[in-house]
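Working through the structure, step by step
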Amino acid sequence: AIEAGAGAVMCSYQKVAGVHACANEHLLKKLLRQDLGFKGFVMSDWGATHDAELSALNGLDMEMPGGTDSHFSKLASLVKQGVVPE
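Computed from a predicted model, the values in this text were never measured in an experiment.

Scoring rules and cut-offs
- Residues numbered from 1 in each chain as written.
- Predicted model: local features only at pLDDT ≥ 70, side-chain atom pairs only at ≥ 80, totals over all residues.
- Heavy atoms only, no water.
- Core = buried A, V, L, I, M, F, W, Y, C linked by side-chain atoms within 4.5 Å.
- Buried < 20%, exposed > 50% of the residue type's maximum accessible area, 1.4 Å probe, protein only.
- Helix = DSSP H or I, 4+ residues; strand = E, 2+ residues; numbered from the N terminus.
- Contact = heavy atoms within 4.5 Å.
- Disulfide = S-S within 2.5 Å.
- Patch = residues over 30% accessible without salt bridge, like charges linked within 9 Å, V, L, I, M, F, W, Y side chains within 5 Å.
- Areas by Shrake-Rupley, 256 points an atom, 1.4 Å probe, with all protein chains shown as cover.
- Salt bridge = Lys/Arg side-chain N within 4 Å of Asp/Glu carboxyl O.

Looking now at the nonpolar core. The biggest cluster of nonpolar side chains holds 14 residues, and the ones touching the most others in it are Cys11, Cys22, Val42, Leu60, Phe72 and Leu78. Residue assignment for this core shows that the elements contributing at least two residues are α1 (25-35) and α3 (75-80). Apart from the residues lying within four places of it in its own chain, the contact partners of Cys11 are Ala21, Cys22, Val42, Met43, Ser44, Asp45, Ala48 and Leu60.

Next up, the structure:
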């Protein structure tokens, strides 16, 4: 799918090597972007984001909206604080 030009990938609820998939730097940055050359965006499955800071820093581009557990609503504050780069 990546070689065919997929524009988006959805990360899952599961942990890989003890790290939630949507915050897993090895999966999102190393394997997906560097090794496979993925140029699109990564979105979470609904409710699969557990930490806005880690997810944003480690390759998650978009959190699926809805529910009471929206973590990316904290991004503006994290950017203002200098925790997450713009």
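This part is about the state of the cysteines. Per the stated rule, a full pass over the model turns up one disulfide. Across a sulfur-sulfur distance of 2.0 Å, Cys11 and Cys22 are joined as a disulfide pair. Because the torsion about its S-S bond is 110 degrees, the bridge between Cys11 and Cys22 counts as right-handed. One end of the pair, Cys11, is in strand β1 (residues 8-11); the other, Cys22, is in the loop between β3 (19-20) and α1, with eleven residues separating them in the sequence. Note on accessibility: Cys11 and Cys22 belong to one class, buried.

Let us now look at the environment of Gly59. Its location among the elements puts Gly59 in the loop between α2 (52-57) and α3. In this structure Gly59 comes out as buried when scored by relative accessible area, which is 10%. Between the alpha carbons of Gly59 and Ser12 there is a distance of 13 Å; along the sequence they are 47 residues apart.

The next subject is a nonpolar patch on the surface. Together, Met10, Tyr13 and Trp46 make up a nonpolar patch on the protein surface, roughly 320 Å² of accessible area in all. Turning to its location among the elements, Tyr13 is positioned in the loop between β1 and β2 (15-16).

A few words on the pattern of salt bridges. Under the criterion given, the structure shown has two salt bridges. Here Asp35 and Lys30 are joined by a salt bridge, their closest N and O atoms 2.8 Å apart. Asp61 serves as the salt-bridge partner of Arg33, at 2.6 Å between the closest nitrogen and oxygen. Remark: Asp61 occurs in the loop between α2 and α3 and Arg33 occurs in helix α1; sequence separation between them is 28 residues. We classify Arg33 as partly exposed; its relative accessible area is 23%.

What is shown is where atoms sit, not what they do.
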